[in-house]
Amino acid sequence: MKNGKLKKILLGLLKLLYYIAIAFVCLIVGILIYYIISVQIHADDKDYKPGISIYTIVSPSMTPEIKVYDVVVNVKVTDPEKIEIGDIITFKSQAATSEGMTITHRVIAREKLPDGTYEYMTQGDNNPEPDSSYVMFDNIIGKEIITIPALGKVQFLIANKKGWLFLFLIPIAFYLIKEIYR
């Protein structure tokens, strides 16, 4: 009698965990789909800065803090004084070697210029030297609020046409296996 009741409770807990996992995966996929669509809509607008932005890290410059394929979620910053030394920011680079590239690095220095504008010196945690040029506040896309490990792999999967097929086949296969098992 006790074993049957315990088994029923465990099955209920497993079912609850299953639904929570499915909801979490759906939420993540939904956020990634929103991000991909948003990027496509605003692809031609160079001055567009979203309230919340998502970037997949593709270089090891921020390891061990942020690894390749981690996703950095940024929030738009409207006050230049809110960016402090130690913050991780995402910005459009103006350096000669990386002009126009989107980079995520840590702020190591901040200066207020005589005209009242701010500039920031940045450096990747894994880089031996600071970046070659200062980042102007107008070039900052956002400040990191959370890093989601390895989520970029899912993003690259979704961005690929074969990935969409894969994402549809897994739930269908799971459903079929579940039905066959019954």
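Residues numbered from 1 in each chain as written. Predicted model: local features only at pLDDT ≥ 70, side-chain atom pairs only at ≥ 80, totals over all residues. Heavy atoms only, no water.

A. Geometry of the sheet that holds strand S5 (residues 118-123). Strand order across the open sheet formed by seven strands is S1-S2-S7-S3-S4-S5-S6, with antiparallel pairing between neighbours. Both edges of this open sheet fall to strand S1 (52-56) and strand S6 (135-136), since each of them pairs with a single strand only. Bridge count between strand S2 (residues 71-75) and strand S7 (residues 140-148): five bridges; the pairing is antiparallel. The residue bridging Val-72 from the neighbouring strand is Thr-147, located in S7. (Pairing = 2+ DSSP bridges. Helix = DSSP H or I, 4+ residues; strand = E, 2+ residues; numbered from the N terminus.)

B. Seen up close, helix H1 (residues 2-41). The end-to-end C-alpha distance of H1, which contains 40 residues, comes to 58 Å, matching closely the 58 Å that a straight helix rising 1.5 Å per residue would cover. Of all the residues in H1, the buried ones are Ile-28, Leu-32, Tyr-35 and Ser-38. (Expected span 1.5 Å × (residues − 1). Buried < 20%, exposed > 50% of the residue type's maximum accessible area, 1.4 Å probe, protein only.)

C. Focus on the pattern of salt bridges. Evaluation of the coordinates by the stated rule reveals three salt bridges. Between Glu-65 and Arg-106 there is a salt bridge; the shortest N-O distance is 4.0 Å. Separated by 41 residues along the polypeptide, Glu-65 in the loop between S1 and S2 and Arg-106 in strand S4 (residues 102-112) bring together distant segments of the chain. Salt-bridge contacts for Asp-87 lead to Lys-143; the nearest nitrogen and oxygen are separated by 3.2 Å. You can see Asp-87 sitting in the loop between S2 and strand S3 (88-92) and its partner Lys-143 sitting in strand S7, a full 56 residues away along the chain. (Salt bridge = Lys/Arg side-chain N within 4 Å of Asp/Glu carboxyl O.)

D. Quick look at the environment of Lys-76. Mapping Lys-76 onto the fold places it in the loop between S2 and S3. Each C-alpha atom, one on Lys-76 and one on Leu-157, is 27 Å from the other, the two residues being 81 residues apart in sequence.

E. Geometry of the packing of aromatic side chains. For the structure shown, the criterion picks out two aromatic pairs. Here Tyr-18 and Tyr-19 contribute two aromatic rings whose centre-to-centre distance is 5.3 Å and whose plane-to-plane angle is 65 degrees, an arrangement assigned as edge-to-face. By relative accessible area, Tyr-19 is classed as partly exposed at 46%. With a centroid separation of 6.4 Å and 15 degrees between ring planes, the pair formed by Tyr-118 and Tyr-120 is classed as stacked. According to the relative accessible area criterion, Tyr-120 is buried, its value standing at 0%. (Phe/Tyr/Trp six-rings, centres within 6.5 Å; stacked < 30°, edge-to-face > 60°.)

F. Region of interest: unusual backbone geometry. The peptide bond linking Thr-63 to Pro-64 adopts the cis configuration, its omega dihedral lying at 5 degrees. Looking at the secondary structure, you find Pro-64 in the loop between S1 and S2. One non-glycine residue with positive phi stands out, namely Tyr-69, at about 80 degrees. If you trace the backbone, Tyr-69 turns up in the loop between S1 and S2. We classify Tyr-69 as partly exposed; its relative accessible area is 35%.

G. Geometry of the environment of Ile-66. Here Ile-66 shows up in the loop between S1 and S2. Considering only alpha carbons, one finds Ile-66 and Thr-147, 81 residues apart in sequence, at a separation of 7.3 Å. Sequence-distant contacts of Ile-66, defined by excluding residues within four places in its chain, comprise Ile-57, Val-72, Ile-88 and Thr-147. (Contact = heavy atoms within 4.5 Å.)

Functional significance is not addressed by these values, which are geometric in nature.
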